[in-house]
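# Survey of secondary and tertiary structure
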Amino acid sequence: MSTYKSDFLNILSSRGYIHQCSDAAGLDALAAKGDVTAYIGFDCTAPSLHVGSLVQIMLLHWLQQTGNKPIVLMGGGTTRVGDPSGRDESRKILSIEDIENNKQGIQAVFAKFLAFGSGKTDATMVDNAEWLTKLNYIEMLRDIGKHFSVNRMLAMDSVKLRLEREHELSFIEFNYMILQAYDFTELSRRYGCNLQMGGSDQWGNIVNGIDLGRRMGTPQLYALTTPLITLASGAKMGKTASGAVWLNADMRSPYEYWQFWRNTEDADVGRFLRLFTTLPLPEVARLEALQGSEINEAKKVLANAATALLHGEAAAAEAAETARKTFEEGASAGGLPTVTVDLGSGIGVLAAMVQAGLASSNGEARRAIQGGGIRINDDVVKDDKLLLTSALAKDGSIKLSHGKKKHVLLKQG
RNA sequence: GGGAGAAUGUCCCGAGUGGCAAAGGGGGGGGACUGUAAAUCCCCUGCUUUACGGCUUCGUAGGUUCGAGUCCUACUUCUCCCA
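Residues numbered from 1 in each chain as written. Chains lettered and ligands numbered in written order. Predicted model: local features only at pLDDT ≥ 70, side-chain atom pairs only at ≥ 80, totals over all residues. Heavy atoms only, no water.

Tracing the backbone through its elements, the reader meets D211 in helix α12 (residues 203-216). Given a relative accessible area of 16%, D211 falls into the buried group. There is a polar contact of 3.3 Å between the side chain of D211 and the side chain of R152. (Helix = DSSP H or I, 4+ residues; strand = E, 2+ residues; numbered from the N terminus. Buried < 20%, exposed > 50% of the residue type's maximum accessible area, 1.4 Å probe, protein only. Polar contact = N/O pair within 3.5 Å; in protein donor to acceptor, adjacent residues only side chain to side chain.)

Take a look at the structure:
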């Protein structure tokens with residue numbers, strides 16, 4: 001393993017963040033002097049980022065920790081076009097209002113990982129709508145378009161794959177890479193940005209930016225990409241039964257977030273500790289080496305650390321305690337999701353499950369009961385006509401469980 | 001503009017002779033085994049207060065038929081080829 005002069009690249013490399021880098025030695029020299037200003041673009045395609053973007057966020061975090069300057073680029077402009085990279089189908093074209101709303105939702109999360117301000121290593125947030133929406137078509141063709149070779153663009157993976165599979169690629173999407181390349185040069189000009197980072201699928205787009213920069217006379221630009229994070233079992237990371245693992249607390253509670261990490265596959269624990277926590281590497285190595293059921297301790301550490309980074313120490317501790325009571329004591333922990341129902345006149349199990357979000361219809365709820373997967377206060381429910389009343393409550397609430405992991409407290413409303 | 005083809009269970013892929021709630025996968029859920037893991041095995045996976053019942057599903061709208069995902073007509077969208 002090669003060693004670098006800069007803390008930045010040493011940390012990135014030893015923690016497993018680096019997939020490709022355009023000129024590691026050149027970048028290393030800059031980083032050693034604290035002269036790197038790097039950006040990562042985030043498209044505003046959803047009201048919150050999810051764990052899939054976490055690697056990128058951590059990259060910015062480490063960049064700042066090692067004395068360099070991060071720029072968070074909101075893709076308020078590029079999202080209006082849609083990135084075709086790594087997709088078989090066209091992205092839906094979002095309305096400008098949706099994009100703006102999504103942007104509002106996404107922004108807040110960065111404050112947890114980065115320190116914003118106006119100092120040398122303080123983070124900055126910008127929106128590429130600021131300059132992209134002002135572009136004039138003819139001027140842009142003359143100033144920027146002339147630097148792009150269609151021949152070369154057709155050879156790019158994002159384009160080539162679409163063509164090979166005979167999937168359509170619209171002209172608007174074809175332009176995405178040009179806009180992203182232009183972003184890079186614009187950020188270079190405005191903020192002295194000299195590095196663009198991103199997922200491995202962004203390599204082509206980033207390198208395009210470097211080329212454009214060279215032709216337009218910016219200082220030397222650099223590219224650095226992270227590997228695509230998949231689970232050891234091969235599945236894409238960040239998808240659970242109930243959808244994406246969102247970072248915003250109002251879309252995925254700290255407790256659920258903690259649970260997501262707690263349920264990491266054995267084979268992923270070490271890698272995830274390196275990527276998604278800031279624990280010292282020797283400690284990671286020790287945890288990773290735990291065998292058999294002991295590795296559960298490592299998973300708790302992972303869950304605590306990852307949740308603390310995003311939601312804070314207090315929320316992480318609370319989530320850990322809720323999990324401990326629920327899974328290790330089998331008790332009804334107060335931190336579980338709570339649903340208020342009318343226990344006074346009673347409510348059927350089926351209706352209660354639907355209201356609690358444990359089932360989407362009475363039929364589904366009934367099937368779950370027939371399959372033996374539903375428990376009330378840890379007793380298996382056999383009768384789907386069971387009526388829940390306050391008589392069943394313990395400490396003012398009834399614990400309703402679907403399977404081993406999904407628990408909800410029912411309280412009198 | 002011309003020609004060829006496609007749209008199926010509100011997650012995805014995908015069979016489907018006029019009798020179909022519709023094969024089969026994947027994904028998802030539950031159970032067993034475990035360690036809140038993986039792998040494996042079993043069950044479930046349109047709605048409906050139990051149902052050999054009712055209802056709603058096969059791009060949209062009509063039509064033929066006792067009966068249509070399946071046939072006819074128009075329309076919509078997508079893909080490919082030619083211009």
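The next point concerns the packing of helix α13 (residues 254-262) against helix α17 (residues 313-329). Taken N-terminus to C-terminus, the directions of α13 and α17 make an angle of 70°; their axes are 9 Å apart at the nearest point. If you check the angle between α13 and α17, you find them roughly perpendicular. Both α13 and α17 take part in a crossing whose hand is right-handed. Residues P254, Y255, W258 and Q259 of α13 pack against A315, A316, A319, A320, T322, A323 and F327 of α17. Classifying every residue of the contact of α13 with α17 by side-chain character gives 9 nonpolar, 2 polar and no charged. (Axes fitted to C-alpha atoms, helices over the stretch in contact; angles between N-to-C directions. Parallel < 35°, antiparallel > 145°, perpendicular 65-115°, else oblique. Left-handed = near helix turned anticlockwise from the far one by under 90°. Contact = heavy atoms within 4.5 Å. Nonpolar A, V, L, I, M, F, W, Y, C, P; charged D, E, K, R; others polar.)

On the surface, Y137, I138, L141 and F171 cluster together to form a nonpolar patch covering roughly 450 Å² of accessible area. No other element matches helix α7 (residues 137-143), which puts 3 residues into the nonpolar patch. Residue placement: Y137 occurs in helix α7. (Patch = residues over 30% accessible without salt bridge, like charges linked within 9 Å, V, L, I, M, F, W, Y side chains within 5 Å. Areas by Shrake-Rupley, 256 points an atom, 1.4 Å probe, with all protein chains shown as cover. Salt bridge = Lys/Arg side-chain N within 4 Å of Asp/Glu carboxyl O.)

Bringing α12 into the picture now. If you check α12, its first and last C-alpha atoms are 20 Å apart, about what 14 residues at 1.5 Å a residue would give, namely 20 Å. Residues of α12 that are buried: N205, I206, N208, G209, I210, D211, L212 and G213. The inward-facing, buried residues of α12 contact α8 (150-155), α11 (176-191), β5 (195-199) and β6 (222-226). Within two residues after α12, G217 carries a phi angle of roughly 80°, on the positive side. (Expected span 1.5 Å × (residues − 1).)

Across the sheet, which stays open at both edges, the 5 strands sit in the order β9-β15-β14-β11-β12 with mixed pairing between neighbours. Only two strands of the sheet have a single neighbouring strand rather than two, namely β9 (338-341) and β12 (379-380). The pairing of strand β11 (residues 374-376) with strand β14 (residues 397-402) spans 3 bridges and is antiparallel. Across the sheet, the residue bridging to R375 is S401, located in β14. (Pairing = 2+ DSSP bridges.)

Before going further, it helps to spend a moment on the packing of helix α1 (residues 7-15) against helix α3 (residues 54-65). Their axes nearest at 9 Å, the elements α1 and α3 cross at an angle of 145°. Between α1 and α3 lies a crossing whose hand is right-handed. Along the contact surface, α1 presents F8, I11, L12 and R15, while α3 presents L59, W62 and L63. Of the residues belonging to the contact of α1 with α3, the class tally is 6 nonpolar, no polar and 1 charged.

Attention shifts here to the nonpolar core. A general trend in soluble globular proteins is that nonpolar side chains are found buried together. Ranked by internal contacts, the top residues of the largest apolar core, which has 64 residues, are L54, F110, F113, L195, M197, L247 and W261. In this structure, Y39, F148, V159 and A181 belong to the second largest nonpolar core, which totals 29 residues. (Core = buried A, V, L, I, M, F, W, Y, C linked by side-chain atoms within 4.5 Å.)

Pairing is mixed in the open sheet, where 6 strands are placed in the order β1-β6-β5-β2-β3-β4. The open sheet has two edge strands, β1 (20-21) and β4 (124-127), and neither has a second partner. Bridge count between strand β2 (residues 37-42) and β5: 2 bridges; the pairing is parallel. Looking at the pairing, A38 lines up with L195 of β5. Lying on the sheet, α11 is in contact with β2, β3 (69-74), β4, β5 and β6; it crosses β2 at an angle near 140°. Contacting β1, β5 and β6, α12 runs over the sheet at an angle of about 170° to β6.

Most of β2 sits out of view: 5 of its 6 residues are buried. Two elements, β2 and β3, share 6 bridges in a ladder whose sense is parallel. Paired with T37 across the two strands is K69, which belongs to β3. The β-α-β motif built from β2, the intervening α3 and the parallel element β3 has right-handed crossover chirality. (Right-handed = clockwise from strand over helix to strand, strands pointing away.)

Further remarks concern helix α4 (residues 96-107). Across its 12 residues, α4 extends 17 Å between first and last C-alpha, which sits within 8% of the 16 Å expected from 1.5 Å per residue. Where α4 is concerned, the buried positions are I99, N102, K103, G105 and I106. Considered in projection along α4, the buried side chains sweep an arc of 165° and stay on one side of the axis. Exposed residues lying more than 90 degrees from the buried face of α4 are E97 and N101. Looking at the packing, one finds that the buried side of α4 touches β3, α5 (110-113) and β4. (Arc of directions from axis to C-beta.)

Let us now look at the state of the cysteines. Between two cysteines, a covalent bond joining their sulfur atoms is known as a disulfide. Scanning all chains against the criterion turns up 0 disulfides. This cysteine, C21, is not joined by any disulfide, and C193 carries the nearest cysteine sulfur, 14 Å off. (Disulfide = S-S within 2.5 Å.)

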